[in-house]
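Here are the chains, one letter per residue:
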Amino acid sequence: MSTQGIKTVLHPVTDLAAAKAVYTALLGIEPQADAPYYVGYDAEGQHIGLVPNGAQQGMTGPVTYWHVGDIEAKLAEVTAAGAKVKDEPKDVGNGRLVATFTDADGNVLGVLQDPQN
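Residues numbered from 1 in each chain as written. Predicted model: local features only at pLDDT ≥ 70, side-chain atom pairs only at ≥ 80, totals over all residues. Heavy atoms only, no water.

## So, the UniProt feature "domain: VOC" (unreviewed entry) in the protein
Step number 1: Mapped onto the present numbering, the UniProt feature "domain: VOC" (unreviewed entry) falls on residues 5–114.
Step number 2: Taken end to end, residues 5–114 comprises 20% helix and 45% strand; its first and last C-alpha atoms sit 13 Å apart. (UniProt positions renumbered as here; feature names shortened; annotations may be inferred. Helix = DSSP H or I, 4+ residues; strand = E, 2+ residues; numbered from the N terminus.)

## Examining the layout of surface pockets
Step number 1: The calculated volume of the largest pocket comes to roughly 680 Å³.
Step number 2: What lines the largest pocket is a set of 28 residues, among which Leu10, Tyr38, Tyr65, Val92 and Val98 lie closest to the centre.
Step number 3: Elements that contribute at least two residues to the lining of the largest pocket include exactly strand E1 (6–13), strand E4 (46–52), strand E5 (63–67), strand E6 (84–91), strand E7 (97–102) and strand E8 (108–113).
Step number 4: Here the lining of the largest pocket takes 4 residues from E6, the largest share from any one element.
Step number 5: Among the residues making up the lining of the largest pocket, the classes are represented as 13 nonpolar, 9 polar and 6 charged. (1 Å grid on protein atoms, 1.4 Å probe; cavity = no way out; pocket = protein on both sides within 12 Å on 5 of 7 lines; lining within 4 Å. Points joined across faces, edges and corners; volume = space filled by probe spheres on them. Nonpolar A, V, L, I, M, F, W, Y, C, P; charged D, E, K, R; others polar.)

## Describing helix H2 (residues 71–80)
Given 3.6 residues per helical turn, the α-helix brings residues three or four places apart onto the same face.
Step number 1: Every buried residue of H2 is listed here: Ile71, Lys74, Leu75 and Val78. Within H2, the buried residues cover an arc of 100° as seen down the axis, which keeps them to one side.
Step number 2: Tucked into the core, H2 has its buried residues touching E6, E7 and E8.
Step number 3: Put simply, aspartate 70 is the residue that caps the front of H2, since its side-chain oxygen is 3.2 Å from the backbone nitrogen of glutamate 72.
Step number 4: Backbone geometry just after H2 places glycine 82 at a positive phi near 115°. (Buried < 20%, exposed > 50% of the residue type's maximum accessible area, 1.4 Å probe, protein only. Arc of directions from axis to C-beta. Contact = heavy atoms within 4.5 Å. Polar contact = N/O pair within 3.5 Å; in protein donor to acceptor, adjacent residues only side chain to side chain.)

## What to know about the pairing of E8
Step number 1: Burial analysis of E8 places 5 of its 6 residues in the buried class, which makes it a mostly covered element.
Step number 2: What sits between E7 and E8 in their antiparallel hairpin is a turn of 5 residues, with glycine 106 showing a positive phi close to 90°. (Pairing = 2+ DSSP bridges.)

Here it is, written out as structure tokens:
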């Protein structure tokens with residue numbers, strides 16, 4: 001089963017205001033989501049998110065999210081190939097499911113399934 005590509009990248013940040021200034025300058029747009037718990041930008045078909053205190057949530061660096069049509073099937077495929085599930089699928093709002101897993105070197109990768117229409 002193929003993916004729809006990397007469309008979402010989340011970055012853990014310690015100073016949300018400072019990070020927001022840098023990413024706003026880099027992307028050249030204002031954030032579309034701007035809350036104390038998350039700042040998100042939609043730029044050229046990609047979603048870039050800033051996660052305050054991401055390190056306390058286990059984020060050791062940016063996490064790329066591969067968009068998939070069936071999150072459970074993709075997790076089954078990658079675990080059969082040797083990956084280990086880090087965070088089971090969870091609904092993060094409006095039916096969007098996310099999960100993370102690690103590859104053989106411990107790199108954290110994410111999968112994301114949007115609600116089916």
